[in-house]
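Breakdown of the fold
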Amino acid sequence: MKKSILLLSVIIIFTLSSCVSGPSAAKHLEALKVVGSNLCDSQGNPVQLRGMSSHKLQHFGRFMNVDTFTWLRDEWKCNVVRGALYTYEQGYISNFKEKLKKKMIEIVEGAIDTGIYVIIDWHILRDGDPNIYKEESKEFFIEMATMFGEYPNVIYEICNEPNGKTVTWGDKIKPYADYIIPAIRAVDPDNIIIVGSGTWSQDIHDAAADPLEYENIMYSCHFYAGSHHESLRTRINDAITGKFGNVIPVFVTEWGTTDSSGNGPVYEKESKTWITFLNENNISWVNWSLCDMNEGSAALLPGAAYTGGWPMDMLSESGSLVYSLLRN
Ligand code: IDC
């Protein structure tokens, strides 16, 4: 009798303490859905996600872990992170399939434990046509959806930046999406799926003229403050208000404070103009990138800790700007 009371109290104490400590103090996350041009919670209230993207996971994956996520959530006020799974450049296709898949699993589990959303980004770039590796992509997303589809945290981004003269929405990207999305939906019926468009995910007008016919789809639009300006903002505005024939929801899954090389000076004024525009329109955004590389768009200075806790003097010019934009 005494023994079983002791055992019971040990179990109760253990359960209580595991409920209140560490990253598992995570809040309950809302399942997301798309209503018109808006990302919404399950009640239909608009939700804006803001956060940080990794740089290429094969080089900078060490910054993506539950400690940095907890820091980003509490200090930077991020509610989303993005893991950039490069296909090329010694990425998933070229060399490191199992290693990078393992990293992505760790990232998703870390985001679940922290209670933030996570974008699983199939980061095509030099391989401009997503169809080149559509079999690998399908297999990968089925695996992710099978493991994590029941968690509201997960968002699938099925092609980072299609590019190339012949890689248009109608000819290449929509058919690719129509190949991948049903495969994900067979396993995960409802989490958000984000689709890129031509010209490095800027041709959202093409997607808006001929959108996909599934629930909970969003369209990414990418910008770099030194390269993309008012005309792209006008295009986004036209897309979310139906000027191209249909209202579509836009998600800025990647933007940078520099020009589109990712390097060089920080364009502070233009970055602020962009973020004001996105915030006013409830458009979610994710900044490139959380790493300590010596390039303008990197948020951290070389040598920054892999575990968060960064003092202000470890943030780059870009990192300080994004930190203040996130906290506002
Ligand atoms: C850049 C990195 C840079 C790297 C290059 C190629 O910042 O260090 O050498 O990729 O791997 C994008 C891409 C993103 C780019 C970024 C900046 O999605 O991968 O990262 N950018 O060039 N689209 C527009 C800009």
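Residues numbered from 1 in each chain as written. Predicted model: local features only at pLDDT ≥ 70, side-chain atom pairs only at ≥ 80, totals over all residues. Heavy atoms only, no water.

Enumeration over the complete set of coordinates arrives at 17 salt bridges. With a shortest N-O distance of 3.0 Å, E270 and R233 are connected by a salt bridge. Of this pair, E270 sits in helix α10 (residues 268-280) while R233 sits in helix α9 (residues 230-240), and the two are 37 residues apart along the sequence. Considered together, E270 and R233 belong to a single accessibility category, that of buried residues. In this structure, K243 engages D238 in a salt bridge whose closest nitrogen and oxygen atoms are separated by 4.0 Å. (Salt bridge = Lys/Arg side-chain N within 4 Å of Asp/Glu carboxyl O. Helix = DSSP H or I, 4+ residues; strand = E, 2+ residues; numbered from the N terminus. Buried < 20%, exposed > 50% of the residue type's maximum accessible area, 1.4 Å probe, protein only.)

Another aspect to go through is the pairing of strand β3 (residues 50-56). Counted residue by residue, β3 has seven buried out of seven residues, so it is predominantly covered. Note that β3 and strand β11 (residues 285-290) share five bridges and pair parallel. When the bridges of β11 are listed, S54 appears paired with L290. Bridge analysis of β3 against strand β4 (residues 80-86) gives four bridges, and the strand direction is parallel. From the neighbouring strand, K56 faces β4, where its bridge partner is A84. (Pairing = 2+ DSSP bridges.)

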